[in-house]
Amino acid sequence: MKLSRRELLKTLAGAGAAIVSASGAILPGSVGQAEAAEAAAESWEKSPCRFCGVGCGVLVGLRKGKVVAVKGDPEVPVNRGLLCIKGYSLPKILYGRDRYKVPLLRQGNKFVEISWSQALDIMASKFKGAIQAHGPESVAAYFSGQTTVFEGYAINKLMKAGIGSNNLEGNPRLCMASAVAGFFSTFGMDEPMGCYDDIELTDTFFIWGSNFAEAHPILYSRMMERKHQDANVKIVSLQTFLNRSSDQPADIVAIFKPHSDLALANAMAHVIVKEGLINEAFIQKHVTFKKGLTEIGYGVEDNFEYGGASETSWKTYKPFTDKAQPISFEEYKTFLETYTPEYAEKLSGLPADTIRQIARLLGDPKRKAVSCWTMGFNQHVRGTWINNLVYNLHLLTGKIAEPGNSPLSLTGQPSACGTTREAGVLSHTLPGGMFVANPEHRKKTAQIWNVPVEKISPRPGYHTMEMFRALDRGDIKVMWINTTNPFQTLPHVGRYRKGARKGGERFIVVSEVYPSETARHADLILPSAMWVEKEGMFGNTERRTQHWFKMVDPPGEAKDDLWQIVELAKRLDMGHLFAYGEEPLQKALFEEYRKFGLGSGKDLAPYDVYAKVRGGLRWPVVEGKETRWRYREGFDPYVKKGEGVRFYGQPDGRAVIWARPYEPPAEQPDEKYPLWLTTGRVLEHWHTGTITRRVLELHRAAPFAPVWINAEDAGALGIKTGDPVRVQSRRGEVIAKAQVNGRNTVPKGVVFVPFFDENVLINLVTLDAYDPISKQPDFKKCAVRIEKA
Ligand SMILES: Nc1nc2c(c(=O)[nH]1)N[C@H]1C(S)=C(S)[C@@H](COP(=O)(O)OP(=O)(O)OC[C@H]3O[C@@H](n4cnc5c(=O)[nH]c(N)nc54)[C@H](O)[C@@H]3O)O[C@H]1N2
Ligand SMILES: Nc1nc2c(c(=O)[nH]1)N[C@H]1C(S)=C(S)[C@@H](COP(=O)(O)OP(=O)(O)OC[C@H]3O[C@@H](n4cnc5c(=O)[nH]c(N)nc54)[C@H](O)[C@@H]3O)O[C@H]1N2
Ligand code: SF4
Ligand SMILES: [Mo]
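Residues numbered from 1 in each chain as written. Chains lettered and ligands numbered in written order. Predicted model: local features only at pLDDT ≥ 70, side-chain atom pairs only at ≥ 80, totals over all residues. Heavy atoms only, no water.

### Here we look at the UniProt feature "binding site: [4Fe-4S] cluster" (unreviewed entry) in the protein chain
Residues given the UniProt feature "binding site: [4Fe-4S] cluster" (unreviewed entry) here are C49, C52, C56 and C84. Despite a sequence span of 36 residues, these residues sit close together in the fold, their greatest C-alpha distance being 10.3 Å. Summarising the element assignment, C49 is placed in the loop between β2 (43-48) and β3 (57-63). Ignoring sequence-local partners within four residues, the contact set of C49 consists of C56, V58, G87, L90, P414, W531 and F538. Checked against the element boundaries, C84 lands in strand β5 (residues 83-84). C84 sits in the buried class, given a relative accessible area of 9%. (UniProt positions renumbered as here; feature names shortened; annotations may be inferred. Helix = DSSP H or I, 4+ residues; strand = E, 2+ residues; numbered from the N terminus. Contact = heavy atoms within 4.5 Å. Buried < 20%, exposed > 50% of the residue type's maximum accessible area, 1.4 Å probe, protein only.)

Dropping the structure here:
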């Protein structure tokens, strides 16, 4: 990170006068103002940070019922005392002046204050009315990877066992669905086999389109530390534009064309096979080969008219089932023939020799390998495939499921793993990695939930994009949106914003802490408690489950989301689902939820253990011991003595190498829209900025979302940094200030716009095509044109 003096001063201001390391991590012991705050704290309690999926441990300083300080918990192995500037801003996120404090009901274009009992009665009567008139599938709930385990488990039970509708989704559909589909298709089971310890144990890193210097700063700083300590360590940063994650000390910086990663990964496999860098013994024992369907489409409906649809390369939506077929190693090798480094060079723009060099590094039997990726892979119309392809590389070389050898899918939100994925808070899943369509899974679930099995519908509900399309069409009447801001974060959001306010029987309830674009589209707003204003549990990237207790009261009449779920249940005559007698509700819910995982490879420890342990534990937790490496004898209690490695998620114990081809993206630049638009994040802001823009220092450090443009493109259009620029696609447009170079440098033909700024609503421009397997939309690429505004 190269900072001008002005930028440096700004960053220092943003960090409360702390010293910021190159990765944005705050170094302990260098904190000025915070020392004063620390001294003010009367007591300290443990909690995970509520921001990203890294899952840093913090100690929360309390005084007179307020959070007055935080410090990185030196006992938590994730961050060992470090925090990034968002973590460091945690106390301030609670105390924005415009926190919601009372329930609000829409009357025309205004909101009026009402009581909680009025609010809940109205909400319940809307749910009941719709269910009676149109059946349980006319209602829906859209929750979040920032929802606690208790809340996620409870809403799952209410929707699937009480209301009898599987129309329950979480925003991890926009974030982790392709990773999950990748895990299931390759390993038969979700979540990484490795853990963060691999960062210190490996010597070669492959960063595949993940800007983790800004998005997972503490992991990035761990990697940097490793690099600085050992000259043998090499970092390969594969990106579509230069960013902080491709700065020094990366050894190879490879900028490739958007979406061409499919060809790149296959070309790397091609080189590894051709040059004999495979691990034959591993392949023979632990791997099978398969191919699936090709030309699978892009999740765009046929019956919906995009402006100028005829000019595009979109294919029409077909319902999807992947018909997998076994193939031989020889057939896989034949499939790879096409993917010469020269062919991949044509698609990616990356020199064939660089591709060879990267493949040889990964294949080198003397080196270990960690691959990391985030939204560059998952937000991709072939997101499942590209996840499969990176696993192929680790399986071909046997560099997997052991210390230092790890494909490590990074998760975005603090509990996308712990809540949405593990507690099954999606329209097709049940807790413990089970599925609504599977009769055995419904039976087990009904037993634990103590409801008749017929209550649980076998039909998967709408996935996120189809859920909002159904709201637009009017098939969904009542929707509860909780801890997420879809009317800023859905792709092609203009359509869904309009759809939500078409009137008729539509009724939208939004549980929020601050005014947001989604709250503006609500009929009823429920003021909510956040983070340490309630008890919670989160699960991070490395299968680590962490717990915290309620520490302070929420402002005004704000109530926690779990209480809201239970109160709604009572009014729907479903209170029995949460009647646990004298036991504290959170503990009772967790102990019931634990039953889903026991013996299935997903064992969680008892509630009381998490309540005590700083930093939590990584599952499976068997006989009190956490698991660092899954599928490997000696580390994973599910692998018996003598088995060595067993991918027990698959019936035959073998992981799958998939022949997945390159196919073009849903939309590409053309004459009319000649540039790629890619979108994403900046260090200072969390998603839609509802929380971080209320922290003055963070807001000042990044006050608006610019559009990063290449110097040559800007020059050709007469655009200079600071000029207002119109960014336009077939779906919509925004105006943003141009930024030539700086923190990011985009190649010619690419523009990058972050999505935190509601004044630069870039999702008006993005495309709502999705991966037909995972149903995750692709926010990372569509075609735009720009002009001086
Ligand atoms: N500061 C901050 N941190 C966050 C968040 C936040 O809002 N703010 N959110 C969290 C969440 S929920 C998430 S999901 C993560 C996201 O973390 P990231 O995915 O790391 O971040 P983004 O900015 O979304 O994505 C930018 C990256 O996408 C890559 N990319 C773009 N197109 C392609 C492509 O076609 N192929 C490949 N392979 N790569 C491509 C770019 O090279 C770049 O590295 O961040 C988490 N951490
Ligand atoms: N263009 C573009 N769009 C994207 C992406 C992208 O890369 N580019 N990334 C996608 C991804 S990966 C993600 S994860 C999503 C994230 O998208 P969202 O989840 O929609 O974004 P957030 O801003 O995190 O929204 C969370 C909301 O919950 C509120 N909140 C916070 N805590 C609580 C609480 O305890 N209770 C309640 N009731 N409310 C609370 C916050 O004020 C905030 O408004 O965005 C997606 N959209
Ligand atoms: S890296 Fe993520 S979890 Fe850690 S302090 Fe920063 S935002 Fe919080
Ligand atoms: Mo995400």
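### Observations concerning helix α19 (residues 439-449)
Among all positions of α19, only H441, R442, T445, A446, I448 and W449 are buried. Angular distribution of buried residues about the axis of α19 spans 165 degrees; they occupy a single face of the element. Structural note: α19 exposes E440 and Q447 on the side pointing more than 90 degrees away from its buried face. Contact partners of the buried residues in α19: α6 (149-163), β17 (429-430), β18 (434-435) and α25 (585-597). The opening residue of α19, the one whose side-chain oxygen lies 2.8 Å from the backbone nitrogen of E440, is N438. One or two residues past the end of α19 sits N450, with phi positive at roughly 55 degrees. (Arc of directions from axis to C-beta. Polar contact = N/O pair within 3.5 Å; in protein donor to acceptor, adjacent residues only side chain to side chain.)

### Examining the domain arrangement of the protein chain
When its domains are assigned, the protein chain resolves into domain 1 (5-93), domain 2 (104-166 + 415-540 + 544-618), domain 3 (177-297 + 320-412 + 653-659) and domain 4 (675-766). On the domain 3 side, the residues contacting the 15 residues of domain 1 number 15 residues. Buried surface at the junction of domain 1 and domain 3, both sides included, amounts to about 1100 Å², of which 63% is carbon and sulfur. If you look at where domain 1 meets domain 3, you find 1 salt bridge. Taken together, domain 1 and domain 3 are joined by 5 residue pairs in polar contact (both at pLDDT 80 or more). Along the lines of polarity and charge, the residues of the side of domain 1 that touches domain 3 split into 10 nonpolar, 3 polar and 2 charged. (Domains from an automatic or database assignment. Buried area = accessible area lost by both parts, 1.4 Å probe. Salt bridge = Lys/Arg side-chain N within 4 Å of Asp/Glu carboxyl O. Nonpolar A, V, L, I, M, F, W, Y, C, P; charged D, E, K, R; others polar.)

### Focus: the UniProt feature "binding site: substrate" (unreviewed entry) in the protein chain
Mapped onto this numbering, the UniProt entry annotates "binding site: substrate" (unreviewed entry) at F755. Along the chain, F755 falls in the loop between β30 (750-754) and β31 (782-788). Of the residues examined, F755 reaches a relative accessible area of 12% and is grouped as buried. With residues up to four places along the chain from it excluded, the contact list for F755 reads Q488, T489, G680, R681, H687, T688 and I762.

### Description of the site of ligand 3
Close to ligand 3 lie C49, F51, C52, G55, C56, L83, C84, K86, G87, P217 and I218, which account for all nearby residues. Looking at the shell around ligand 3, the elements with two or more residues in it are β5, α3 (85-88) and α10 (217-229). Counted by class, the shell around ligand 3 contains 8 nonpolar, 2 polar and 1 charged residues. (Near = heavy atom within 4 Å.)

### Concerning the pattern of salt bridges
Evaluated as defined, the whole model comprises 57 salt bridges. Where D251 meets K227, a salt bridge forms, and the shortest distance between an N and an O atom there is 2.8 Å. With D251 in the loop between β11 (234-239) and β12 (252-255) and K227 in helix α10, this pair connects stretches of sequence that are 24 residues apart. Accessibility expressed as a relative area gives 38% for D251, which makes it partly exposed. For K227, a relative accessible area of 13% corresponds to the buried category. Between E330 and K333 there is a salt bridge, and its shortest N-O distance comes to 3.4 Å. Taken together, the residues span about one helical turn, with E330 and K333 both in helix α13 (residues 329-337) at a distance of 3 residues. On the accessibility criterion, E330 (51% relative accessible area) is exposed. One salt-bridge network, held together by shared partners, links D197, E542, R544, R618, E626 and R628.

### Let's talk about the site of ligand 1
Neighbouring ligand 1 are 34 residues; A215, Q239, R681, H685 and H687 lie closest to it. Contacts to ligand 1 include T240, whose backbone N or O atom sits 3.0 Å from an oxygen atom. At a separation of 3.0 Å, an oxygen atom of ligand 1 approaches a polar side-chain atom of K780. In the complex, the protein chains occlude 99% of the 920 Å² of accessible area that ligand 1 would expose alone. Ranked by the residues each element gives to the shell around ligand 1, the list is headed by helix α16 (residues 375-378), at 3 residues. Across the shell around ligand 1, the residue classes tally to 12 nonpolar, 16 polar and 6 charged. Two domains each provide a minimum of three residues to the shell around ligand 1, namely domain 3 (177-297 + 320-412 + 653-659) and domain 4 (675-766). (Areas by Shrake-Rupley, 256 points an atom, 1.4 Å probe, with all protein chains shown as cover.)

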